[in-house]
Amino acid sequence: MVFHEVTSERTEGSVAVSERRANELMDSVRAELRRTRPLTAAAHDRTVTRRAIGGTRSRFWPVPIYVERAQGAYLYDIDGFRYIDCNMGHGPLILGHRPPAVVEALAGQIREGTHYGPPSSKECALAELIVGGVPGAEMLAFTNSGGESTMAAVRLARAATGRDGVAKCEGGLHGNYEPLLFNVFTIAGGADRPELVADCAGLPVGVADDIVMLPFNDDRAFDLVRERGSELACVIVEPLQGSAGTFPASSSFLAGLRAACDEVGALLVFDEVISGFRLAPGSAALNLEVRPDLVTMGKAIGGGMPVGAVIGSREHVMLTDSPPGGGFCEQVFVGGTFSGNPMTAAAGHAQLSQLVENPRLYDQLSAMGERMRRGLRRVLSELGIPGFVTGVGSIWGGPYFMDREPTSMRDLLDSNQAAGTLVSACLLELGVLMTGPPHLNFLSTAHTDEDVDQVVDAHREVMKRLQSEGCLP
Amino acid sequence: MQQRGEDLLEAARKELRDSRPLGAAHHERASRVLPRGTTRARFWEPMPIYVKKAQGAYLTDVDGRDYCDFNLGQGALVLGHAHPAVVAALEAQLERGTHFGPPTHNRIQLAELIVESVPGADRVAFVNSGTEATMGALRIARKATGRSKVGKVEGGWHGANEFVLHSFTTLSGDAARPDANLDSLGVSSVATKNVIVLPFNDERAFDRIREARDELACVIVEPVLGGGGCLPAEPSFLEGLRAVCSEIGAVLILDEVITGYRLGPRGAAGRYGVTGDLTTLGKAAGGGLPIGVICGRGDLMDETMWPASGAPGDAVFAGGTFSGNPMTMAAGVATVGELVHHAEHYRHLEELGEGLRVGLRRALCEVGAPAFVTGVGSMVGVHFCGTMPSNERDLVTTDHVAAQLLRVYLELDGFISRGLSFLSTAHTGEDVHRLVAAYERALRRLQTEGALGA
Ligand SMILES: Cc1ncc(COP(=O)(O)O)c(C=O)c1O
Ligand SMILES: Cc1ncc(COP(=O)(O)O)c(C=O)c1O
């Protein structure tokens, strides 16, 4: 995944030159990985040339990789190479791969049936753990993905307010619901008034009319909310922007959004698909003063199985229910065939119980995250490479090769993305797995300080190489 | 009559609660955190049973009661619960891990099985639900045609996708040109402006499509209306849709989320001999784990999902964190492999389905109940309405209270069978006979209670 700027052409400066050099080097790294990983190359060819499979997430990987198995912090590819996993399934696996409690829960569930029509007896216990972790929440409804949960949240907000407008932030990724697929990867216009750009083809005519685009971590967002306040059903924001490059929202930004929402009568939705149970045993709001009206979660709450949930007050969540005997048009439709299925409920419950019962795990995760960020910053300064590392707790982004500290995806436009892609590709050769830019990386409780140090050392080696090849200053 | 129905429902609820004390307690507890005790309470009024485990054709609830299951996870489990091949595949995958960022080999395997079996499928994209599959399919069609509107039939169910979530149960307007009525609150009016509702099993749909030729990106249709009441499309209707879509350059999407791998190894498309430009799958394709699939013509999917240009706005995005996850892929490969490579399964399913339809018709006749049996293959519908239904309009006279009471009486008797019943390879002829006998008992009870009209 590479992010884009639609307006300006990049100038032919030193950055452009090193980017060109980086692309050349990328080709040779690709060739080397193909040579050393013949089974991976064959699998890739089989997908691409014989029978293409939708690149469900393949865009995230700088070079193809196919997983054979994983355990704890390590992932093994089909050629037998081992990697320290800095991706953890795009975040859900906080306890690492195959934590015993989750494996045990799933092993039991597999034999008792994976899915029923009537509800399973396990849905409730998972719901209780999640609701218990969200300040002020009373109820939730399950979906099958984070994307379905933000869809549900927007519908609840629209039904609650009787308005259609939705405000979201640049760089905010909320899944594949049509109204939220704007300015996810693309930056356009000025920060005072970002220009709407659809980041998905095939959206229906008119969807854009409902959307208000806000700059992230920028006070000018508040006036944009007020300006179209009477049309707005909700403002949806990630308390920690993940896929944009791992940027925590500043508390003043969230407080400003809260105030603007209250003023115009819109709901504030926290999209916590990434941050939920990642930064604290529940919502990120546990560590904040600001309280959202609705929270969406996914990833971690399913313990490694597909999941999503929309969480809020009884009054809001009960909008999903029609009065007995009532028709479909009297409810907000949420859910589907597999919502609340017992595999997800079993795995989610096993994972969340551990986290809720041992909140100290978050201290351990944060300490490791801090060690990682500090280590990477040290490497950058040792080598004299201008660059930054972002993140909080067990999440980090970068290294971003640029001169000024970034606080939003907009800032990352100045970074050297080609070098960033190259770092991820070269790290694979050294046994470290992480996605390309804008990097979003995760640790788990299965990682150790030694793993962290190895990742840092691998970065040092790769960046030195890129320096010597003329791809980095 | 209405008051009588409500009294009977209340009595049935009490009977459920009294006979299932643990379930009733669980319902109370669950209702504090989940809307009326579960995410999908509306299917299980007045009180759901809570399932503890399942095996083959049977469910066991928290009170330890067994039920012969003719719902099968809303139709997903064509091989029944905990099929040994699926259990083995999932256990093996669990040994390796449940979920990774990068893909696995079994994703390629399931894609190849789908390409091998689904007519017209050259390419495959995985998502997490049928809803996400229809969302993606619509976007592909819009991108490919440069048009925005979607044609869908009255009574068609395509999941929570608001750009088709119209006129499923809320019907109005001229039968030839039905109104587009939203079936959910909280949806922007933009959605409704992009929907054209077509009559089902009615040739007048074709003219309506021709009329909209400049704005219609696609027509999405279930070969057998599932949620809408188990109403098979007439072959001529599907053929007509195929022809008119080709004529005006619109994409035909066959929504086979229910029918795929249920009505045959090649789904309804194989059975009807009609091929969609795109096909959506779900349910059975995931072997009992969350799944959605978009598959179809190579040129169509390549140009829209993976275009040469790198800009995100030029490509249709479909997918997410868990799309193509290895557990779903493992269960899917086990299930689809078993079904595609063993034709005898479908002979068995056909026999069971036919046996159930014949048995239910006889039972209805003997009891003198005003109801009709619909369906095809392993899908069977029972309708309390005035005429043999062939489209959703025929169902407007349905006596929903009688239908709901019937479902609850069957539950009290140890059978899970909603208006739409499914069969699995785990069911036997004996199970079918027992269900027919249970229907007869439940119908007689309804009759005695005066709850069967006419
Ligand atoms: C903040 C956020 N919201 C929503 C989503 C969508 O979730 P899913 O991929 O499960 O559809 C994501 C996925 O990465 C996310 O990061
Ligand atoms: C024909 C059809 N399409 C789509 C869907 C939506 O699938 P899901 O419930 O997995 O979102 C369903 C679900 O019942 C369906 O029957």
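Here the structure is a predicted model, which is why all the values come from computation and not from measurement.

K.L.:
I'm lost on the pattern of salt bridges in this one. Help?
P.N.:
For side chains bearing opposite charge, pairing can occur when the charged atoms are close. Under the defined criterion, the tally for this structure stands at 57 salt bridges over all chains. One salt bridge connects glutamate 32 of chain A with arginine 35 of chain A, and the closest N-O pair in it is separated by 3.0 Å. With a gap of three residues between them, glutamate 32 of chain A and arginine 35 of chain A both fall in helix α1 (residues 14–36), about one helical turn apart. In this structure, the salt-bridge partner of arginine 226 of chain A is aspartate 223 of chain A, at a minimum N-O distance of 3.4 Å. Residue arginine 226 of chain A and its partner aspartate 223 of chain A are both found in helix α6 (residues 220–227); the two are separated by three residues, about one turn of the helix. One salt-bridge network, held together by shared partners, links Arg155, Arg158 and Asp210 of chain A together with Glu162 of chain B.

K.L.:
For this particular structure, what's the right way to read the nonpolar core?
P.N.:
The tendency in soluble globular proteins is for nonpolar side chains to be buried as a group. Counting residues in each nonpolar core, the largest one holds 109 residues, and the members touching the most others are Ile130, Leu214, Leu257 and Ile311 of chain A. Ignoring anything within four residues of it in the chain, the contact list for leucine 214 of chain A reads Ala167, Lys168, Cys169, Glu170, Pro194, Ala221, Leu224, Val225, Val235 and Leu257 of chain A.

K.L.:
Help me understand the interface of chain A and chain B in this model?
P.N.:
How big an interface is tends to be expressed through the accessible area that disappears when the partners come together. Taken together, the contacts link 112 residues of chain A with 108 residues of chain B. In this assembly, chain A packs against chain B so that about 9,500 Å² is buried in total across both faces, 60% of it on carbon and sulfur atoms. Residue arginine 98 of chain A is joined to glutamate 95 of chain B by a salt bridge in which the shortest nitrogen-to-oxygen separation is 3.8 Å. Taken together, chain A and chain B are joined by 42 residue pairs in polar contact (both at pLDDT 80 or more). Listing elements by their share of the side of chain A that touches chain B, those giving two or more residues are α2 (38–50), β2 (67–71), α3 (100–111), α4 (123–132), β5 (139–143), α5 (146–161) and α8 (314–317) of chain A.

K.L.:
Could you clarify how one ought to interpret helix α2 (residues 21–33) of chain B in this entry?
P.N.:
An α-helix turns once every 3.6 residues. As a result, residues three or four positions apart point the same way. Burial in α2 of chain B covers these residues: Gly23, Ala24, His26, His27, Ala30, Ser31 and Val33 of chain B. Close packing links the buried residues of α2 of chain B with α4, β5 and α8 of chain A together with α1 (2–19) of chain B.

K.L.:
I would appreciate a short explanation of the pairing of strand β2 (residues 58–61) of chain B in the present structure.
P.N.:
All names here are of chain B. In terms of strand pairing, strand β1 (residues 51–55) meets β2 through four bridges, oriented antiparallel. Bridge pairing in β2 links lysine 53 to threonine 60. The turn joining β1 and β2, which pair antiparallel and follow one another in sequence, is formed by two residues; a positive phi near 60° is taken by glycine 56. Here three bridges tie β2 to strand β3 (residues 66–69), and the two strands are oriented antiparallel to one another. In the strand pairing of β3, tyrosine 58 is matched with cysteine 68. Between β2 and β3, which pair antiparallel in sequence order, lie four residues; one of them, glycine 64, sits at a positive phi of approximately 85°.

K.L.:
Explanation requested: the sheet that holds strand β11 (residues 232–237) of chain A in the structure shown.
P.N.:
Strand pairs in the sheet, formed through backbone hydrogen bonds, run parallel or antiparallel to each other. All names here are of chain A. Spatially, the seven strands line up as an open sheet ordered β5-β16-β15-β14-β11-β6-β10, and their pairing is mixed. Strands at the two margins of the open sheet, each flanked by one partner only, are β5 and β10 (211–214). Across this sheet, the average inter-strand angle for adjacent strands is 20°, counted without regard to direction. Both β5 and strand β16 (residues 308–312) contribute to a ladder of five bridges, which runs antiparallel. The partner of phenylalanine 142 across the bridge, within β16, is alanine 309.

K.L.:
Explain the site of ligand 2 here, please?
P.N.:
The local shell around ligand 2 holds 13 residues, among which Thr337 of chain A together with Gly130, Thr131, Asp255 and Lys283 of chain B are the closest. Flanking ligand 2 are residues from chains A and B. Within the side chain of threonine 337 of chain A, a nitrogen or oxygen atom sits 2.6 Å from an oxygen atom of ligand 2. The contact in question runs from a nitrogen atom of ligand 2 to an N or O atom on the side chain of aspartate 255 of chain B, over 2.6 Å. Protein chains bury 95% of the 390 Å² of accessible surface belonging to ligand 2 in isolation. Grouping the constituent residues of the shell around ligand 2 by class yields three nonpolar, seven polar and three charged.

K.L.:
Hey, could you run me through the environment of leucine 59 of chain B in this one?
P.N.:
Position of leucine 59 of chain B among the secondary structure elements: in strand β2. Overall, the relative accessible area of 0% leaves leucine 59 of chain B in the buried class. Along the sequence, leucine 59 of chain B and arginine 271 of chain B sit 212 residues apart, while their C-alpha atoms lie 31 Å from each other. Leaving out residues up to four positions away in the same chain, leucine 59 of chain B has contacts with Tyr116 and Pro118 of chain A together with Val51, Lys53, Ala54, Arg65, Asp66, Tyr67, Asp69, His81 and Ile416 of chain B.

K.L.:
How should the sheet that holds strand β17 (residues 415–416) of chain B be read in this particular structure?
P.N.:
Strand order in the open sheet formed by four strands is β1-β2-β3-β17 (chain B), and the pairing between neighbours is mixed. Two strands bound the open sheet, and with one partner strand each, they are β1 and β17 of chain B.

K.L.:
How should the packing of aromatic side chains be read in this particular structure?
P.N.:
Describing an aromatic ring pair means giving the distance of the ring centres and the angle of the ring planes. Taken as a whole and judged by the stated rule, the model has ten aromatic pairs over all chains. Taking the centre distance of 6.0 Å and the plane angle of 15° together, the rings of phenylalanine 328 of chain A and phenylalanine 333 of chain A count as stacked. Taken individually, phenylalanine 328 of chain A and phenylalanine 333 of chain A each receive the classification buried, so the pair is uniform in this respect. Arranged with centres 5.0 Å apart and planes meeting at 70°, the rings of phenylalanine 333 of chain A and tryptophan 157 of chain B form a pair that is edge-to-face. In this pair, phenylalanine 333 of chain A sits in the loop between α8 and α9 (342–357) while tryptophan 157 of chain B sits in the loop between β5 (149–153) and β6 (173–174), so the two residues belong to two different chains. Of the two residues examined, phenylalanine 333 of chain A and tryptophan 157 of chain B, each falls in the buried class. Through pairs of rings, three or more aromatic residues link up here, namely Phe328 and Phe333 of chain A together with Trp157 and Phe168 of chain B. The ring of phenylalanine 81 of chain A has arginine 37 of chain A sitting right over it, with the charged end atom 3.8 Å from the ring centre. In this structure, arginine 82 of chain A is placed above the aromatic ring of tyrosine 74 of chain A, and the distance from its NZ or CZ to the ring centre is 3.8 Å.

Quick notes on the rules
- Residues numbered from 1 in each chain as written.
- Chains lettered and ligands numbered in written order.
- Predicted model: local features only at pLDDT ≥ 70, side-chain atom pairs only at ≥ 80, totals over all residues.
- Heavy atoms only, no water.
- Salt bridge = Lys/Arg side-chain N within 4 Å of Asp/Glu carboxyl O.
- Helix = DSSP H or I, 4+ residues; strand = E, 2+ residues; numbered from the N terminus.
- Core = buried A, V, L, I, M, F, W, Y, C linked by side-chain atoms within 4.5 Å.
- Buried < 20%, exposed > 50% of the residue type's maximum accessible area, 1.4 Å probe, protein only.
- Contact = heavy atoms within 4.5 Å.
- Buried area = accessible area lost by both parts, 1.4 Å probe.
- Polar contact = N/O pair within 3.5 Å; in protein donor to acceptor, adjacent residues only side chain to side chain.
- Pairing = 2+ DSSP bridges.
- Axes fitted to C-alpha atoms, helices over the stretch in contact; angles between N-to-C directions.
- Near = heavy atom within 4 Å.
- Areas by Shrake-Rupley, 256 points an atom, 1.4 Å probe, with all protein chains shown as cover.
- Nonpolar A, V, L, I, M, F, W, Y, C, P; charged D, E, K, R; others polar.
- Phe/Tyr/Trp six-rings, centres within 6.5 Å; stacked < 30°, edge-to-face > 60°.
- Lys NZ or Arg CZ within 6 Å of the ring centre and 35° of its normal.

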